[in-house]
Every structure is written in structure tokens, then in C-alpha cells.
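# Structure at a glance
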Protein chains: 2
Amino acid sequence: MCPAEDFQEKRKKKMRAVQDSMDVLNGKWKISIISSICYYDKRRFSDILNDVIGISNRMLSKELKELEINQLVKRTVIGTQPITVQYELTEHGRTLQTIINNLTDWGITHRKKIVGE
Amino acid sequence: MCPAEDFQEKRKKKMRAVQDSMDVLNGKWKISIISSICYYDKRRFSDILNDVIGISNRMLSKELKELEINQLVKRTVIGTQPITVQYELTEHGRTLQTIINNLTDWGITHRKKIVGE
DNA sequence: CGGCATCCTTACAGATACTG
DNA sequence: CAGTATCTGTAAGGATGCCG
């Protein structure tokens, strides 16, 4: 295979990988939810609800379910009356930490860039 | 300020930053579009249209406009007949490269994780 | 407390056709 | 080629209320 073809193929592969990631993290809430959980070992439903500004419980519920299906989050029902549910990142979910950190840094830079000019 | 309050405040700040980033990169196309451009110096409209699987020209047009407003992408009209338009990342847009790379790596890992089990 | 069910409204986004 | 215009369906997502 010539170098040009090789470059094309690798590029396509990378682009597919990026799309895969974005499919998992789709919607406007996923990353925020994960970043709400990631600074703690475990985090309760209502705590996340408070952290993620603007989200409704209906959405949070739905999003958490998707994250669970994608094995990023683990759900544990704790006790009774009133019931408590803990969410924590799985080992796989914790591998998103780097991305979260980068997005955090970038967000700060971007805000300066946009409002600062 | 006590350490606990300090922790809270820093966390909230980080979460806001992540949300800022995600607001800029919202929708399911932005990151893919950027990653289509980033492997080249300049990239034409129809090239991006080809790279980003599933996107319509209507959407691509809209998304590119938003990226331009956020100063991530620069648009240049080249010649005539037929007209050609080049898109390139701005310096600021190029700072997303790290995030793209991380998302690429993570996407590959995630696919293995999900389909491999 | 942590949801789910329902209703409802928007915005997202596809298909198609058209223009400079 | 690089879009814009219009028309349309779908689904995201908010509001509210109910339940174990």
C-alpha cells in the first residue's frame, strides 16, 4: 500500500473511533453527569441532580441508564426509607478522567478567549 | 475558607468549565467535523461532507457556521467556477487536538470493551 | 428518595429541490 | 461546488403528578 492510501485509511479509522466516543457521550448531559460523579467515590441521584445545572430528573434517569448500559457507571441501591441510590464510575468509566480533565482545561481557556476579547 | 468548602467550590468551577466545553461542541457532528479538518492544513466543504459519515450538507453548513462563530474554524472562499471553500482550524481550534486524540484512543478502547465482551 | 408515566412543546435533523 | 429554502417527521427534553 502506498503511503497516501495508508494515511487515508488511518485517518478514516481515527474518525470512526472519534464517532464511537461521541455516540457514547451523546446528548448534552453525559459528560457533565460523569464529571459530577468522578470527583467522589460514590454519588447519589439527587446530588447529581443538583450538580448538573438544568437537568430534569426524567433526563438524569434516562442518561444514567444509558451510561450503565455502556458500562461506564455502576448503580447500587442502598437502604430503605427513604431509599438511596449510589452511582459510581466503573473502572472503564474512570478511563474518561483524562478527557474530563482536558475538557475542563479547555473550557476555561475557551471562556477566556471568547468573553475576554 | 475551610478545606471542604474549597473543594466544593473548585468542583463547581470545574463542572462549569466542562459544560462550557460541551456547549461549544454540542450536537453529534462538531467533533467529527473538527477531526476531519485537523489532519490537514485546509479542507474543502465536500471533503468534509465525505469524511463525516451520515451528515447532510444542510447540517454541515450549519455546524461549520457555529464553529466559525466560536472561532474554532476559519472559512476562506478560494476561486471561481466552480467556487471552492477552504476550512481550516484556527490556532484556538487546534488546541482541541489533545481532546481529539484522547477521544480517538478512548473510542478504540471502548469498542474493544463493548464488542469484545 | 429515586424514579416512571403521561402529556406536550420545541428543536433537531432528513429529504428534496433550487441558486450563484 | 457550496451552499440556501422549504417542508416535514422524529425525538429530545420540560412540566407535572404519582408510586414504592
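First things first, this report covers the structure right here in the doc.

About the cut-offs
Residue positions are counted from 1 within each chain, in the order its sequence is given. By the order in which they are written, chains take letters starting at A while ligands take numbers starting at 1. Since the coordinates come from a predicted model, pLDDT governs what is reported: local features require at least 70, and pairs of side-chain atoms require 80 or more to be given and counted, while whole-chain, interface and lining totals use all residues. Excluding hydrogens and water, the side-chain figures rest on all heavy atoms present in the structure. A cutoff of 4 Å decides nearness: a residue is near a molecule or strand if any of its heavy atoms lies inside that distance of it. By the criterion applied in these results, polar contacts are pairs of N or O atoms within 3.5 Å in which, for protein atoms, one can donate a hydrogen and the other can accept it, and in which residues neighboring in sequence qualify only through two side-chain atoms. Labels follow the DSSP assignment, with helices taken as runs of H or I lasting at least four residues and strands as runs of E lasting at least two, numbered in each case from the N terminus. The nonpolar class holds Ala, Val, Leu, Ile, Met, Phe, Trp, Tyr, Cys and Pro. Asp, Glu, Lys and Arg form the charged class, and all remaining residues, Gly among them, are polar.

### Re the protein's contact with DNA strand D
In the region of DNA strand D, 21 residues are neighbours, and Arg58 of chain A together with Ser46, Ser61, Arg75 and Tyr87 of chain B sit closest. In DNA strand D, atoms within 4 Å of the protein come from the sugar-phosphate backbone in 65% of cases. Within the contact set of DNA strand D, a phosphate oxygen lies 2.5 Å away from a side-chain nitrogen or oxygen of serine 46 of chain B. For DNA strand D, a base nitrogen lies 3.1 Å from a polar atom in the side chain of asparagine 57 of chain B. Contributions of two or more residues to the surface near DNA strand D are made by helix 4 (57-69) of chain A together with helix 3 (45-51), helix 4 (57-69) and strand 3 (85-89) of chain B. Here the surface near DNA strand D gets four residues from one element, more than from any other, and that element is helix 4 of chain B. Classifying every residue of the surface near DNA strand D by side-chain character gives eight nonpolar, six polar and seven charged.

### Some words on the protein's contact with DNA strand C
The local shell around DNA strand C holds 19 residues, among which Ser46, Ser61, Arg75 and Tyr87 of chain A together with Arg58 of chain B are the closest. Counted by atom, the contact set of DNA strand C within 4 Å of the protein is 67% sugar and phosphate. Side-chain polar atom of serine 61 of chain A to a phosphate oxygen of DNA strand C: 2.3 Å apart, as the coordinates give it. Between DNA strand C and arginine 75 of chain A there is a distance of 2.7 Å, counted from a phosphate oxygen to a side-chain nitrogen or oxygen. Mapped by element, the contributors of at least two residues to the surface near DNA strand C are helix 3 (45-51), helix 4 and strand 3 (85-89) of chain A together with helix 4 of chain B. With four residues, the single largest contributor to the surface near DNA strand C is helix 4 of chain A. Residue composition of the surface near DNA strand C, grouped by class: eight nonpolar, five polar and six charged.

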